[in-house]
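Analysis of the macromolecular model
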Amino acid sequence: MDNNAREQRPHAAAKPLLGIGSCLAGNAVRYNGDTKKPNQHVRDLCEHFDTRAFCPEMGIGLGVPRPPIHLVSVGDEIRIKDADTHEHDYTDAIRDYARQTLDAAPQLCGYILVKGSPSCGYGRVKRYTQDGNYMASDQDGVFATALAEFDPLLPLEDDGRLNDPCLRESFVTRACVYHAWKELLADGLSAHRLIEFYSRHKYLVMAHDVPSYRELGPLLADLRGRDLDAVARQFITTLMGALKRPATRRSHCNVLFHISGYLKKRLPPEQRQRLAALIEDYRVGRVPLVVPITMLRHHFADHPDAYIEQQAFLAPYPDDLRLRNLL
Ligand code: SF4
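A word on helix α10 (residues 249-260)
With 12 residues, α10 ought to run about 16 Å at 1.5 Å a step, and its terminal C-alpha atoms sit 16 Å apart, in line with that. Among all positions in α10, only His252, Val255, Leu256, Ile259 and Ser260 are buried. In an axial view of α10, the angular spread of the buried residues amounts to 135°, which keeps them on one side of the axis. Buried residues along α10 sit in contact with α7 (191-208), α11 (269-283), α12 (290-302) and α13 (306-309).

Below, the structure is given as C-alpha cells:
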C-alpha cells in the first residue's frame, strides 16, 4: 500500500501519520542525487507509523542535481540562498511549501526532519555571513522553522536527535497524543469528548509537568456556556506544552505510586510491598521504567479498573518500540 492510500483509511482505524524528509525515506532527492541512510530508530518509526515523504527543495522546483544552498544571516533574518553566489533566495518559496505540506496532510501528527539540512534541519544547522563565511551552527532549517510557526503543536525531531532515547520517547509520545487529538477533532469536538480525552491523559501530563496538570483540571471544570473551541485550543496547547517537558524518574515514580494506589484494596500486602520495591528500584536506576509499568499492567489485568485501563500513561505508544526499556 502506498503512503497516500494508507492516508485515506478511515481515521478511526488509521495509524499515526508522520511526515519525513524524502531523502530519509529512500528517495534520491539530495542536491547531489543521493539518498540519506535512515538510522535504526527512523526505520523503527517508519515500521510502526504511517509516513508521508516531502522534499521542500524538490517541491519548490529545484531539480537533481542542484547547486547546494545554505543559511545566510541578513540583519535579523535568516535566509536560505544558493551557496555559491547568494543571488537566489529560496526562503519564501520554502515557507510556502511548508504551508502547502500541512494543508496537504492535515493528519500529520509529527515530522522527522533531516539533520544538518538548511531546509529540513532541526537545531545546529550552520549559518553563514553574507560574505559566505561560517558564523555558527545554531539554526533550524527554513522548512522546519516554518512548520513550527504554522503548526506550533506539531512534534518535530531530526534523525540525529532521534538517537537520544529521551528525545525519541518524547517525540513519539507527543506524536501519539497529537494523533489522538486530531482523531477527536475529526469525530467532532464536544464537552464530553474533551473531558474524556483529558481523563485518559491525566497521568501522562502529571508525569511531565504537575503545574499543567493542576491547570487543566480547573480549565475543564465547568464548560457550560463557554466557547468550546477556545477552551479546546487552550487545553491542547497546555497539554502538548507539558509533554515537551522531560519526565524524570522522580515524576514517573510519583505517577506510578498514584496508580498503584488503585490496587491498595485489591492486592495482598506482600504483593503491594513487591510493587513498591520495584518502583523504588526504578527510582534509583536499578531497572528501567518498563519493569514497574509491566508489573502494574499485570496487576490491573487481574484486577481490572476502567479508569486506569484507559490511561495513556500505561501504554502511550506501541510496546514494540521498546522506548521505555532505556528510560
Ligand atoms: S530538502 Fe530535505 S528532504 Fe529534500 S533532500 Fe534536503 S534534507 Fe532531504
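Concerning the packing of α7 against helix α9 (residues 228-244)
Running from amino to carboxyl end, α7 crosses α9 at an angle of 20°, the nearest separation of the two axes being 10 Å. Classified by the angle between their axes, α7 and α9 sit roughly parallel to one another. Relative to α9, the crossing made by α7 is left-handed. The segment α7 lies against α9, with Ala191, Leu194, His201, Val205 and His208 engaging Leu228, Ala232, Phe235, Leu239, Ala242 and Leu243. Class assignment for the residues of the contact of α7 with α9 results in nine nonpolar, two polar and no charged.

What to know about the nonpolar core
Residues Leu18, Ile94, Ile112, Leu113 and Phe143 are the most contacted members of the largest nonpolar core, which totals 70 residues. Among residues more than four places away in sequence, those in contact with Leu113 are Gly21, Cys120, Gly121, Tyr122, Gly141, Ala144, Leu156, Glu157 and Asp158.

Quick look at the site of the ligand
The full set of residues close to the ligand is Gly21, Ser22, Cys23, Val29, Arg30, Cys55, Pro56, Glu57, Val114, Ser117, Ser119 and Cys120. Within the shell around the ligand, the residues separate by chemical class into six nonpolar, four polar and two charged.

So, the pairing of strand β6 (residues 125-128)
With two bridges joining them, strand β3 (residues 69-74) and β6 adopt parallel strand pairing. What sits directly across from Leu71, in β6, is Arg127. Linking β6 to strand β7 (residues 134-139), which pair antiparallel, is a turn of five residues; within it Gly132 sits at a positive phi near 90°.

Quick look at the domain arrangement of the chain
The domain boundaries assigned to the chain delineate domain 1 (3-163), domain 2 (169-244) and domain 3 (250-325). Put simply, the middle of domain 2 and the middle of domain 3, counted by C-alpha atoms, are 23 Å apart. Between domain 2 and domain 3, the contact holds 12 residues from the first and 14 residues from the second. Elements supplying a minimum of two residues to the side of domain 2 that touches domain 3: α6 (165-187) and α7. In terms of residue count, α7 provides more of the side of domain 2 that touches domain 3 than any other element does, seven residues in total. Tallied by class, residues from the side of domain 2 that touches domain 3 come to seven nonpolar, three polar and two charged.

Cut-offs and rules
Residues numbered from 1 in each chain as written. Predicted model: local features only at pLDDT ≥ 70, side-chain atom pairs only at ≥ 80, totals over all residues. Helix = DSSP H or I, 4+ residues; strand = E, 2+ residues; numbered from the N terminus. Expected span 1.5 Å × (residues − 1). Buried ≥ 20, exposed ≤ 12 C-beta atoms within 10 Å, placed from the backbone. Arc of directions from axis to C-beta. Contact = placed C-beta atoms within 7 Å. Axes fitted to C-alpha atoms, helices over the stretch in contact; angles between N-to-C directions. Parallel < 35°, antiparallel > 145°, perpendicular 65-115°, else oblique. Left-handed = near helix turned anticlockwise from the far one by under 90°. Nonpolar A, V, L, I, M, F, W, Y, C, P; charged D, E, K, R; others polar. Core = buried A, V, L, I, M, F, W, Y, C linked by C-beta atoms within 7 Å. Near = placed C-beta within 6 Å. Pairing = 2+ DSSP bridges. Domains from an automatic or database assignment.

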